[in-house]
Amino acid sequence: MTEGPGGAAARRAGPTLVEVDRVTKRFGDVTALDDVSLSVGPGELVGMLGPNGAGKSTLLSLVSGQRRPDAGTVRLGGGDPRDAASRVPLGLTPQETGLPPTLRVGEVVEFVGRHYPSRVPTAELLDRFGLADLAKRQTGSLSGGQKRRLAVALSLVGRPRVVLLDEPTTGLDVGARQALWAAIREYHADGGTVLLTSHYLEEVQELAQRVVVIDRGVVRADAPLETALAQVALRRVLVRSDAPLDALPGVVRAERVADPGTAGDPRWELYTPDADALVRELVTSGTPFHGLEIRGASLEEAFEQMVAHDAVRTDERSAR
Amino acid sequence: MSAATTTAARPGVLTLCLLHVRFQFLETVRVPIAVIGNLVFPALAMFFFVVPQDAVAGDPLQSTVAVASLSLFAVCSACLFSYGVGVAEDRQQPFDPFVRALPAGPLPRMVGRIVNGMIFSLFGVVPVVLIGWLFTAAAPSAIQLLVGVVTLVVVAVPFTLLGLAVGYSLPAKAALPVVQVILFPLAFAGGLFLPPFLFPAWLDTVSELTPTRAARDVLVQTLTGEPAYAYAWVVLIGWAAVFAALAVAAYRRDEGRRFR
């Protein structure tokens, strides 16, 4: 599971399935992707994290040949993904809401499966995803969870070498999510390659071996899961105080927010791996403080953290 | 669900075309109103405009002309609705980009669309021909009927292209009224509801420039031998070229907008 720094080099030496090289993609004035490079080798399970609008889906649409980059190259199994033949080893999911409502579950699987030279038999696939009883139902009558399961099943019907999963479990309950995760793990255990996007940290943490963070069209971090988790597992301590709290032991990063709207002490945002120890430290130091709050670092903060992982840093910024 | 790579052959283009034809047919036929709607209007028009008029219904030639006109209307209507509104709706479905990303290329989808448009067009002709056969003096031979159907398919080309141009240019909500606004004036001016010999001279001149009138006269000629006006084919081919250009431009623009 653990990959040293050599892992990345070894990965790049092998044949890559997905090769995104210095790709830029603009929509009018908006730059969705800015000089992005990413390569995914066989058997990798890569999680892409990023807020909505970060460019994750755009990146996937380039890999699946739906869009053309403005600059740079995208290769899928060595070929141009815009050629239909290059997309044979690719599996992908329709958006959950996008199944043709009048077709039956079994028919949709047949329709998609018949595009591939080798396919999982419909009955076997439906059985694996717990959809066997629904084969004769029209997709319009399925629940959200069932549609989502069908969508992921469709990505695997052509025995793909690489699967793109865009937010595979958004909006699912815990049980349904676990079942889908199990299916994704099983595919990966059989040697499949997965590139998935999510804005759930938990999902990426659960599945991925490698984490790529994209924000505002730029790859902000690309690291093995453990490294990424160490960055993300920080707690955020909010407190008002006049004292220089960034000097407290255990503070990885601190921000002092001078709040001109309210008179009184400035607000500190302290990031630490151990909030309990920090609070103990704060109390025993006798420093006057008030308004103490402790929160998990949000995903956005985690991103900032992953980029700014150089020791202690103090930013001064004024609140708007 | 092994991730094994096989070197089995990819399905051929013809196989994929048939696959798309079949599943698009299933998709449409499961919405009965989409099919029935196509059947009902031309059939009703037969009962309103043709059957009660003894002068028309009692005369074999005029009945045949009336059946031909309303069959053509059924085909125009099916083309404009299934391509115009149907394509516009498809474009809004999130399944559409997914299907585009399957290893097939654009041809099978286009073939599926066009073949299905033809199938449903011809469905619309069936009740018109049946009513003509049962309630009027029209009595085409089997060969005439066959020639008529083939001609219908040929003259449907410009309307198919017009439908595609609308479908790729507009969102579904706009495509529906636009199709109606195009269809009924074209059908009326083309003499599909009222025979053109009742038209005043100016309207007849305008009529001869419409694709519906050109298609009608070509169809009538093949069925009854009554010659079409001299430049009917020129008008038909001219419009086909114009609509083809519009359809290609709309398709490219749509690609550029959604899949750039």
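The model shown is predicted, which means the values in this text are computed figures rather than measured ones. (Residues numbered from 1 in each chain as written. Chains lettered and ligands numbered in written order. Predicted model: local features only at pLDDT ≥ 70, side-chain atom pairs only at ≥ 80, totals over all residues. Heavy atoms only, no water.)

## Comments concerning the UniProt feature "transmembrane region" (unreviewed entry) in chain B
Residues and elements named next belong to chain B.
Thought 1: When the UniProt feature table is mapped onto this chain, "transmembrane region" (unreviewed entry) is found at residues 31-51, 63-85, 114-136, 142-166, 178-199 and 228-251.
Thought 2: Secondary structure content for residues 63-85 is 100% helix and 0% strand, and the end C-alpha separation is 32 Å.
Thought 3: This span, residues 142-166, is 96% helix and 0% strand, and a straight line between its end C-alpha atoms measures 36 Å. (UniProt positions renumbered as here; feature names shortened; annotations may be inferred. Helix = DSSP H or I, 4+ residues; strand = E, 2+ residues; numbered from the N terminus.)

## A look at the packing of aromatic side chains
All names here are of chain B.
Thought 1: Counting across every chain of the model gives 15 aromatic pairs over all chains.
Thought 2: Seen in terms of ring centroids, Y168 and Y251 are 5.0 Å apart; in terms of plane orientation they differ by 85 degrees. Their pairing is edge-to-face. Here Y251 lies in helix α12 (residues 232-258) and Y168 lies in helix α8 (residues 157-169), a separation of 83 residues in the sequence.
Thought 3: Overall, the relative accessible area of 5% leaves Y168 in the buried class.
Thought 4: Ring geometry for W239 versus F243: centroids 5.3 Å apart, planes at 25 degrees, classification stacked. Taken together, the positions of W239 and F243, both in helix α12 and 4 residues apart, correspond to about one turn of that helix.
Thought 5: Clustering of aromatic rings is evident, with ring pairs tying together F41, F49, F73, F184 and F193. (Phe/Tyr/Trp six-rings, centres within 6.5 Å; stacked < 30°, edge-to-face > 60°. Buried < 20%, exposed > 50% of the residue type's maximum accessible area, 1.4 Å probe, protein only.)

## What to know about the environment of D59 of chain B
All names here are of chain B.
Thought 1: Along the chain, D59 falls in the loop between α3 (54-57) and α4 (60-92).
Thought 2: Taking C-alpha positions, D59 is 7.8 Å from T136, a pair spaced 77 residues apart along the chain.
Thought 3: Residue contacts for D59: discarding those within four places in its chain leaves D54 and A137.
Thought 4: A polar side-chain atom of D59 sits 2.7 Å from the main-chain amide nitrogen of Q62. (Contact = heavy atoms within 4.5 Å. Polar contact = N/O pair within 3.5 Å; in protein donor to acceptor, adjacent residues only side chain to side chain.)

## What to know about the layout of surface pockets
Residues and elements named next belong to chain B.
Thought 1: Computed from the structure, the largest pocket encloses a volume of approximately 1,100 Å³.
Thought 2: Lining the largest pocket are 41 residues; nearest its centre among them are T28, A34, S82, G86 and E89.
Thought 3: When residues of the lining of the largest pocket are assigned to their parent elements, the largest contribution, 11 residues, is made by α4.
Thought 4: A class-by-class count of the residues in the lining of the largest pocket yields 23 nonpolar, 12 polar and 6 charged. (1 Å grid on protein atoms, 1.4 Å probe; cavity = no way out; pocket = protein on both sides within 12 Å on 5 of 7 lines; lining within 4 Å. Points joined across faces, edges and corners; volume = space filled by probe spheres on them. Nonpolar A, V, L, I, M, F, W, Y, C, P; charged D, E, K, R; others polar.)

## Quick look at the pattern of salt bridges
All names here are of chain B.
Thought 1: For the coordinates displayed, the defined rule picks out 25 salt bridges over all chains.
Thought 2: For the salt bridge of E208 with R213, the shortest nitrogen-to-oxygen distance reads 3.8 Å. The pair formed by E208 and R213 is uniform in burial state, with each residue classed as buried.
Thought 3: When salt bridges with common partners are traced through the structure, they connect D204, E208, R213, R216 and D217 into a single cluster. (Salt bridge = Lys/Arg side-chain N within 4 Å of Asp/Glu carboxyl O.)

## Brief notes about the environment of F123 of chain B
Residue and element names in this part refer to chain B.
Thought 1: Tracing the sequence through the fold places F123 in helix α6 (residues 107-135).
Thought 2: Distance from F123 to V35, taken between C-alpha atoms, is 8.1 Å for residues 88 residues apart in sequence.
Thought 3: Excluding residues that lie within four positions of it along the chain, F123 makes contacts with F25, V35 and L39.

## A closer look at the environment of Q138 of chain A
Thought 1: Summarising the element assignment, Q138 of chain A is placed in the loop between α4 (122-128) and α5 (144-156).
Thought 2: Taking relative accessible area as the criterion, Q138 of chain A reaches 29% and is therefore assigned partly exposed.
Thought 3: The spacing of Q138 of chain A and T102 of chain A is 36 residues in sequence and 5.5 Å in space, taken between C-alpha atoms.
Thought 4: In this structure, Q138 of chain A is in contact with P101, T102, L103 and R104 of chain A together with R30 of chain B, ignoring residues within four places of it in sequence.

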